[in-house]
Amino acid sequence: MTATIPTKTSAEIIYPDSDGKPMSDNTKQFELIVTIQGGIDALYKEDENIFVAGDLLWYPVEGDNKTRQAPDTMVVFGRPKGYRGSYQQWLEDNIAPQVVFEILSPGNRMGSLFKLFNFYQNYGVEEYYVYNPEDNELMGWLRSDGKLNYIELIDGWVSPRLQIRFQTASGDLEIYRPDGKKFLSYVELSRQQESAQRQMELTQQQMEQERQEKELVQQKADRLSDKLREMGINPDEI
């Protein structure tokens, strides 16, 4: 009788959807993350092959579930929109996010920033932007000659990939679409929509008032014409 020797199979590698870290440490950081992610997503809402995500874990190397980062916002050209628990690059035609954003919190330290920079440098990010709300400092790096190079003049800078413009002169980060419209928070968008709705209602009221006034004028003219005809006068000959 021959004994069967069991073969050892490698354990399946799990790529967690969460790293256990909070998306943000304060309301300002959260608002900026949501505004940037939502603004870019809205900008490319008609293009099904541009994927935009916020705080999504990115695993660049198959078989390695330790090498990962969750950019506050990342943009991937060439990948379809849709649900993902994480961005596993080998399942995405091996396309790395081309643009990433990080919004700093008071707890960020130089060591963690250096680690982030090295990760994005090593795994192919083309544009990397970091904003510190505490001192209104925006920093950016653009890939050329195989590495991320610091952008010296960032205020007024236009992203080569996204064609969005950055401004900090007001004391806060402002981002403008290619058509000149500013990225707005949900509250700002809501107020803008309410204002537009009120303006539309006012316009409709004015149009209705003008219509009613025209009807009154026409009714008076019709009554006058009828009176003239009763008197034997043809109003068309006057």
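Rules used in this analysis
- Residues numbered from 1 in each chain as written.
- Predicted model: local features only at pLDDT ≥ 70, side-chain atom pairs only at ≥ 80, totals over all residues.
- Heavy atoms only, no water.
- Phe/Tyr/Trp six-rings, centres within 6.5 Å; stacked < 30°, edge-to-face > 60°.
- Helix = DSSP H or I, 4+ residues; strand = E, 2+ residues; numbered from the N terminus.
- Buried < 20%, exposed > 50% of the residue type's maximum accessible area, 1.4 Å probe, protein only.
- Lys NZ or Arg CZ within 6 Å of the ring centre and 35° of its normal.
- 1 Å grid on protein atoms, 1.4 Å probe; cavity = no way out; pocket = protein on both sides within 12 Å on 5 of 7 lines; lining within 4 Å.
- Points joined across faces, edges and corners; volume = space filled by probe spheres on them.
- Nonpolar A, V, L, I, M, F, W, Y, C, P; charged D, E, K, R; others polar.
- Pairing = 2+ DSSP bridges.
- Patch = residues over 30% accessible without salt bridge, like charges linked within 9 Å, V, L, I, M, F, W, Y side chains within 5 Å.
- Areas by Shrake-Rupley, 256 points an atom, 1.4 Å probe, with all protein chains shown as cover.
- Salt bridge = Lys/Arg side-chain N within 4 Å of Asp/Glu carboxyl O.
- Core = buried A, V, L, I, M, F, W, Y, C linked by side-chain atoms within 4.5 Å.
- Contact = heavy atoms within 4.5 Å.

Engineer: What should I look at first to understand the packing of aromatic side chains in this one?
Structural biologist: Aromatic ring pairs: the centre-centre distance and the angle between the two ring planes describe each pair. Per the counting criterion, the structure on display carries 16 aromatic pairs. With a centroid separation of 4.9 Å and 50° between ring planes, the pair formed by Tyr15 and Trp90 is classed as tilted. Remark: Trp90 occurs in the loop between β4 (87-88) and β5 (99-103) and Tyr15 occurs in the segment before α1 (27-43); sequence separation between them is 75 residues. For Tyr15, a relative accessible area of 14% gives the class buried. Here Arg84 stacks its cationic end above the ring of Phe51, 4.0 Å away from the centre of that ring. Of note, Arg161 hangs over the ring of Phe77, and the distance from its end group to the ring centre comes to 4.8 Å.

Engineer: Could you clarify how one ought to interpret unusual backbone geometry in this entry?
Structural biologist: Most peptide bonds adopt trans geometry, and most residues besides glycine take a negative phi value. Unlike most non-glycine residues, Asn136 shows phi in positive territory, near 55°. Within the secondary structure, Asn136 sits in the loop between β6 (127-132) and β7 (137-144). By relative accessible area, which is 18% here, Asn136 ends up buried. Phi is positive for Asp145, which is not a glycine, with a value near 55°. Structurally, Asp145 can be placed in the loop between β7 and β8 (147-150).

Engineer: Any chance you could explain the layout of surface pockets here in plain terms?
Structural biologist: Any empty space left between atoms is shown by rolling a water-sized probe over those atoms. The calculated volume of the largest pocket comes to roughly 700 Å³. What lines the largest pocket is a set of 27 residues, and nearest its centre among them are Asp19, Lys21, Gln69, Ala70 and Leu116. Looking at the lining of the largest pocket, the elements with two or more residues in it are β5 and α2 (110-122). A per-element tally of the lining of the largest pocket places α2 first, with six residues. Residue composition of the lining of the largest pocket, grouped by class: nine nonpolar, nine polar and nine charged. Along the walls of the second largest pocket sit 14 residues, with Ala42, Lys182, Phe183, Leu184 and Leu189 positioned nearest its centre. Contributing elements (two or more residues each) for the lining of the second largest pocket: α1 and α3 (186-230). A per-class count over the lining of the second largest pocket returns six nonpolar, five polar and three charged.

Engineer: Please explain the pairing of strand β3 (residues 73-77) as it appears in this structure.
Structural biologist: The side chains of a regular strand alternate, residue by residue, between the two faces of the sheet. The buried fraction of β3 is high, at five of five residues. Pairing analysis gives three bridges linking β3 to β5, with the strands arranged antiparallel. When the sheet's bridge partners are listed, Thr73 is paired in β5 with Phe101.

Engineer: Whenever I open this one, a nonpolar patch on the surface confuses me. Can you help?
Structural biologist: Taken together, the side chains of Met231, Ile233 and Ile238 present a nonpolar region at the surface, about 330 Å² in accessible area. For Ile238, the position within the fold is in the segment after α3. Since its relative accessible area comes to 71%, Ile238 is described here as exposed.

Engineer: Quick question: what am I supposed to make of the nonpolar core here?
Structural biologist: In summary, soluble globular proteins display a tendency toward joint burial of nonpolar side chains. Grouped together as the largest cluster of nonpolar side chains are 24 residues, with contacts concentrated most on Ile40, Val75, Phe101, Leu162, Ile164 and Phe166. Looking at this core, the elements with two or more residues in it are α1, β1 (50-53), β3, β5 and β6. Broken down by element, the residue count for this core peaks at five residues, all from α1. Look past the residues within four positions of Phe166 in its chain and what remains in contact with it is Phe101, Tyr129, Leu138, Ile154, Asp155, Gly156, Trp157, Ser159, Leu173, Glu174 and Ile175. Judged by nonpolar contacts, the second largest core, of 21 residues, contains Ala53, Val76, Leu104 and Met139.

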